Amino acid sequence: MLTLVFWFQSIVIPVLIGFAVGLFFFKLWRTVACAVLLNDRIVLVDESWRVKFKRARENDFLKLPRHWVLQELLIPIIMNLLMSLCLPYVFARWIVPSLGFSLTVNSTVYRFTWVAYLAIVVLFSCAKRFPVWITNLHNSMRNERYSGLGLQNFGEAALECQS
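Please read all numbers here as calculations on a predicted model, not as lab measurements.

Trainee: Which parts of the structure should I look at to understand the pattern of salt bridges?
Mentor: Between side chains of opposite charge, a pair can form when the charged atoms approach closely. What the rule picks out here adds up to one salt bridge. Salt-bridge contacts for Lys-52 lead to Glu-72; the nearest nitrogen and oxygen are separated by 3.6 Å. Here Glu-72 lies in helix α3 (residues 66-98) and Lys-52 lies in helix α2 (residues 47-58), a separation of 20 residues in the sequence. Glu-72 sits in the partly exposed class, given a relative accessible area of 25%.

Written as structure tokens, this is what we have:
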């Protein structure tokens, strides 16, 4: 028996909406990353993306080699998205239920998996940048304290220089 499916119940609309949302977030990420890169402050992306965006901006995006665009721009973005979506899902839907926990624990883990994954990613990215922040803080404090002053030796090294 053939049934009539209305346009708002078809599968095509959610696929197109998903594509449009993905395209919107890609444009948003690119705009934010370019704005951060233009101000010479690398916060969201590392130094390698500066070169990639500079090359894409200087040359026309459509005239760039397809292999380079795929390998250097699209595949890293797609892999990051897949890792951020698939790892928590596999953990919450396959690994935790196979350990034999109750249904309430499984649903709680499924509910908070992406929040925990996001927190872990933020913590690790901050931990990766923490030594650089400390070094920059130390250098700025040193530059403020000793700017214009000649450094002098005090203690045993000063006594040896005088004699």
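Trainee: Where do I start with the UniProt feature "transmembrane region" (unreviewed entry) in the protein chain in this structure?
Mentor: Listed under "transmembrane region" (unreviewed entry) in the UniProt record, and renumbered for this structure, are residues 6-26, 73-96 and 108-127. Along residues 73-96 one finds 100% helix and 0% strand; the C-alpha atoms at either end are 34 Å apart. For residues 108-127, the helix share is 100%, the strand share is 0%, and the end-to-end C-alpha distance is 27 Å.

Trainee: It is not clear to me how the nonpolar core should be interpreted in this structure. Could you clarify?
Mentor: Buried together is how nonpolar side chains tend to be arranged in soluble globular proteins. Trp-49, Phe-53, Ala-56, Leu-64, Trp-68, Val-69, Leu-73 and Ile-77 form the largest nonpolar core, which has eight residues in total. For this core, the elements supplying multiple residues, two or more each, are α2 and α3. Top contributing element to this core by residue count: α3, with four residues. Apart from the residues within four sequence positions on either side, Trp-68 is in contact with Lys-52, Arg-55 and Leu-73.

Cut-offs used in this document
Residues numbered from 1 in each chain as written. Predicted model: local features only at pLDDT ≥ 70, side-chain atom pairs only at ≥ 80, totals over all residues. Heavy atoms only, no water. Salt bridge = Lys/Arg side-chain N within 4 Å of Asp/Glu carboxyl O. Helix = DSSP H or I, 4+ residues; strand = E, 2+ residues; numbered from the N terminus. Buried < 20%, exposed > 50% of the residue type's maximum accessible area, 1.4 Å probe, protein only. UniProt positions renumbered as here; feature names shortened; annotations may be inferred. Core = buried A, V, L, I, M, F, W, Y, C linked by side-chain atoms within 4.5 Å. Contact = heavy atoms within 4.5 Å.

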